[in-house]
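Remarks on the overall topology
Read off the chains here:
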Amino acid sequence: MAKITKDMIIADIIQVNMGCVPILLNEGMHCIGCPASQGETLEEACMVHGLDADVLAKKLNDFVESVEISEDEK
């Protein structure tokens, strides 16, 4: 499993799993499609949006892990 960390660039997080996009949007990161934001780390984006990067990284990792477990069960 690819581990998402707060020092990962948003574009790299999206490449781990496109399903991360709705999670980021739900947290208020509506600018994820903006070219400038694609170079930001999760931690930098969280600072701008007043979010805890560790909490968001955990949410993203929990999602990715749940998807991988579901795919393994198929």
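Below or above, wherever it landed, is the structure these notes cover. Since the structure is predicted, the reported quantities are computational estimates derived from the model, not experimental observations. (Residues numbered from 1 in each chain as written. Predicted model: local features only at pLDDT ≥ 70, side-chain atom pairs only at ≥ 80, totals over all residues. Heavy atoms only, no water.)

Turning to the pattern of salt bridges, a few remarks are in order. Applying the stated criterion across every chain yields a total of 4 salt bridges. Linking Glu-43 and Lys-6 is a salt bridge whose minimum nitrogen-to-oxygen distance equals 3.9 Å. In this pair, Glu-43 sits in helix H3 (residues 42-49) while Lys-6 sits in the segment before helix H1 (10-16), placing the two residues 37 residues apart along the sequence. Accessibility expressed as a relative area gives 34% for Glu-43, which makes it partly exposed. Relative accessible area serves as the criterion here: at 31%, Lys-6 is assigned to the partly exposed category. Asp-62 is the salt-bridge partner of Lys-58, the closest N and O atoms lying 2.8 Å from each other. A residue pair is termed a helical-turn pair when its members lie 3 or 4 positions apart in one helix, as Lys-58 and Asp-62 do in helix H4 (residues 53-73) at 4 residues. Taken together, the salt bridges that share partners define one network made up of Lys-6, Glu-43 and Asp-54. (Salt bridge = Lys/Arg side-chain N within 4 Å of Asp/Glu carboxyl O. Helix = DSSP H or I, 4+ residues; strand = E, 2+ residues; numbered from the N terminus. Buried < 20%, exposed > 50% of the residue type's maximum accessible area, 1.4 Å probe, protein only.)

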